[in-house]
Amino acid sequence: MRYLPNSESDRRAMLDAVGARHIDELFSHIPEEYRLKRELKVPRQMGEAEIMEYFKGLAGEMSAGYGIMLGAGSYSHYRPVIIDSLISRGEFFTAYTPYQAEISQGTLQAIFEFQTMICELTGMEVANASLYDGSTGIAEAVMMAIRITGRSSTVIARSVHPEYREVLRTYAQHQGMPIAEANFGANGRVDLKALDAAITDQTACVVIQSPNFFGTIEDVAAIADIAHQKGALLVVSIAEALSLGIVKPPAEADIVTMEAQSFGVPLGFGGPYVGVLATREKFVRQMPGRLVGQTTDKQGRRGFVLTLSTREQHIRREKATSNICTNQGLVALMATIYMCIYGREGLKELAQQNLAKTAYAVGEFSKSAKVLFDGAPRFNEFVVQTSGDPKQVNDRLLGEKIIGGLPLQKFYPELGNAALWCCTELVTKAQIDAAAKAVRA
Amino acid sequence: MSDQNIKKVRRHVSQNEGLIFERSSKGKRGYKLPPLDVPTADAGQLLGSALRDDLGAMPEVSEFEIIRHFTRLSTWNYAIDLGMYPLGSCTMKYNARVNEAVVRMDGLANAHPYLPEKMAQGALRVMHELSQALIEICGMDAITLQPAAGAHGEMTGIMLVRAYFEAQGKQRKKVLIPDSAHGTNPATAAICGYEVENLRSNAQGMVDIGALSAQMNEDVAALMLTNPNTLGIFEEEIHKIAELMHDKGGLLYMDGANMNALVGKARPGDFGVDVMHLNLHKTFSTPHGGGGPGSGPVAIKKHLEPFLPTPVIVQKGDRLAFDYDRPQSIGRVKAFYGNFGMHVRALAYILANGPDGLRQTTEDAVLNANYLRKKLEDVYDLPFKAPSMHEVVLSHRLQAQHGVKTGDIAKRLIDYGFHPYTTAFPLVVPDHGAIMIEPTESEPKEELDLFIDAMRNIAAEAASDPAIILNAPHTTRVERMDEVTANRKPVLRWKPGS
């Protein structure tokens, strides 16, 4: 086996050293009846060329070369080449969690830079080193709000990503955390009256997403007022991180949880992505996940360490703030590099391009179908209602090598023949025109 | 200090590099966008009061500075590509490059999770084939690939346990966890609404069968067992453990963190495990990436299948499809389908190995650990004498007489060119003195011999010159960090002007 470095004579020498005649003697303490006495039934060992061919075949059954007008929590943005050049350095991708600070300063400093940039973008004071993704980020944020407030229930907007809401329900089901949902109004934003009515004196937090699942930007300040007046915290989830290039950050929130996939992370059929949790300094000891802090060594030189670990499972065990251990280190590094590449001006310029494509698309689609939720600002997604089944629209578009919008029947049956479309900078005018035409047909 | 006994490394300059923000200067650019092919939009008009005018202290740097910045940072890291990384319980093995090549193939890397199923057959096939292979390796009946990491898999597994008892109409209160367990186990049980009851180990470092039989009753939902346990010891009485659990209607959960000791040699499903998680980033070679991403599939026996997270992959005619219609499901644990990129890599690893390679891998991992044990047990205390599998746990008892603790020995290993072992865990080793070494199959005998040499030298130094260990490392860019101040006055971000 080509990954194994020991020769037969090395193995013999080591067996002799440990005093075993045969390798099976080292497994002899496994009760006889549980030892596997046959080879596993998995495919035979393949050569590298065969492995490449095998996956090329599978990759060929996918949508390579298609224009993607799907968003809904997973965004097709251009990935600058240097991201993969840098993350492919073995010193980054074959290292483990930076427990040993003296020989992990590269990873630690990069995380510190990540935390800083996330704070700058979200308007929060502290950010952690990452969580699994945007969906579990909400669950962690809610558990955190419950610890902070001592209250038990949550109100979540129905305009939050349906799968994020499902994940929250899964996490909450055994922790005595009731969840109420607040509906959206005619403009696609949270219905403020419904929200206000849903909050009780046991509501630990209100959870919204902005831009929300429909692409609509919520009135965060107004929602924060409503939540805060009743002593609840506001958790804002952001699924499309690039929106922060041009949309005001939710600075009124108490906790921001974000999916940062847009920052240089491949679509990858849904993962691995990178979740983030950012909050106010006063809540830092209630945060889940790893944190990197700046300090000095004995000579006074600046350096970085994992810190505030008394919150974590390896110290606190069942009393920890979360059971999380592994996070999304390398994906956070992708996002860090991406944020450096585009930086202060580029994120704005790129966000502006997304805005322009979407504004153009909304104009074109409106000529032949109904674009829902007018009257509130949106970023790069919009909901289109058609006379026919959106799946048929999408089938027609496959011939043009375009993947059309996400049919919403499953998640929002009340919207009828609606689909959620997305225009990133990678969607061309020609593709938008073709899609608008297919909607018309 | 003298470097004369250090054979594996020598000193080498490393470049200084500030924070990226300190390189930033107005007007520098690392990007160039293509021109827009649609009319520009008036952001102010479209967004109104939601318009953002400034991105604060986000950096402005050129492309080459970014390359240099992160390349310099990378050289400050130790990594498996540089040498042995014997962190016990972490299985730091070779991360094959073909895995990285296949996962970046256009069709897989750029697949949107909401592609119509007919456009996603290749991705579904990857998940299906991986599922089949893992089910066979574990000897289980079904699997979910959705959990994002080991701890997430644990949570999913224990939720399946809860759902199982709920469906029977009689929920139980407690989960038993051995004192040798990883900290994620009790944290997980708590999230799932179970009380945690500690189960003590016997003098051999294994589950105390007497204690288990005294503590097991109809209030106990499951035992969370790591096997081999965190001492690297196979629970020889596993059949009794499983029987005791099952006799009282309980379930046996296995933390599969240590599957690198078993693949191709023994199957948890055969020795009575009902539910278990795997860490693809350990056993199945997906890269650790400086702390993630991981992937934590959960394999189960038939009786837990109705409760699996949605969606589940099913065969529909000649196609694969996602089944969302599963009324008894615990629900989703993550958006989309899990860390698919890790699924691709793990499948590539399994295909590169085949049945013979997987078995040989396990054999080599166990042989390497036993070789280290044999060569070190005369100079380091071996607190538990039971046979070792893929890792060996020593203790600092002998060196502590000179004031040298496991954490100090670890720091001195850095000077010898190695990443330290896992320190002070498991907690069943007295005085927090554990030295937990997992070499994995990826280490050649030469590297192991250098490690042995380093550990033996350090043992000698403990007696002759403890100060050199207590002040280690001496050869790194930075010395031991002031963690107390880091904790007391946390500085968690850079600020302009700081």
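What counts, and at which threshold
- Residues numbered from 1 in each chain as written.
- Chains lettered and ligands numbered in written order.
- Predicted model: local features only at pLDDT ≥ 70, side-chain atom pairs only at ≥ 80, totals over all residues.
- Domains from an automatic or database assignment.
- Contact = placed C-beta atoms within 7 Å.
- Helix = DSSP H or I, 4+ residues; strand = E, 2+ residues; numbered from the N terminus.
- Nonpolar A, V, L, I, M, F, W, Y, C, P; charged D, E, K, R; others polar.
- Pairing = 2+ DSSP bridges.
- Buried ≥ 20, exposed ≤ 12 C-beta atoms within 10 Å, placed from the backbone.
- Core = buried A, V, L, I, M, F, W, Y, C linked by C-beta atoms within 7 Å.

A word on the domain arrangement of chain A. Segmentation of chain A into domains returns domain 1 (8–50), domain 2 (67–79 + 345–440) and domain 3 (81–338). Domain 1 of chain A and domain 3 of chain A are separated by 45 Å when their C-alpha centres are compared.

Every contact between the two is made by 169 residues of chain B and, on the other side, 162 residues of chain A. Looking at the side of chain B that touches chain A, the element that brings in the most residues is helix H11 (residues 340–376) of chain B, giving 23 residues. Class assignment of the residues belonging to the side of chain B that touches chain A gives a composition of 95 nonpolar, 44 polar and 30 charged.

All names here are of chain A. Ordered in space as E11-E12-E15-E14, the four strands form an open sheet in which the pairing is antiparallel. In the strand order of this sheet, the two ends are held by strand E11 (370–371) and strand E14 (406–407), each with one partner. Strand direction decides the pairing type here: strand E12 (residues 381–385) and strand E15 (residues 418–422), joined by five bridges, are antiparallel. When the bridges of E15 are listed, Gln-385 appears paired with Ala-418.

For the rest of this paragraph, the subject is helix H7 (residues 162–172) of chain A. Residues and elements named next belong to chain A. Judged by how many residues are buried, H7 sits mostly within the fold: nine of 11 residues are covered. Along H7, the positions that sit buried rather than exposed are Glu-163, Tyr-164, Arg-165, Glu-166, Val-167, Leu-168, Thr-170, Tyr-171 and Ala-172. In this fold, the buried residues of H7 make contact with helix H6 (134–149), strand E3 (153–157), strand E4 (179–182) and strand E6 (233–238).

So, on to the nonpolar core. Grouped together as the largest cluster of nonpolar side chains are 327 residues, with contacts concentrated most on Val-142, Val-206, Val-235 and Ala-335 of chain A together with Leu-252 and Tyr-253 of chain B. When residues of this core are assigned to their parent elements, the largest contribution, 22 residues, is made by helix H11 (residues 329–366) of chain A.

On to the domain arrangement of chain B, then. Residue and element names in this part refer to chain B. We note that the domain assignment places domain 1 (99–351) and domain 2 (354–484) within chain B. The distance between the C-alpha centroids of domain 1 and domain 2 comes to 29 Å. On the domain 2 side, the residues contacting the 19 residues of domain 1 number 20 residues.

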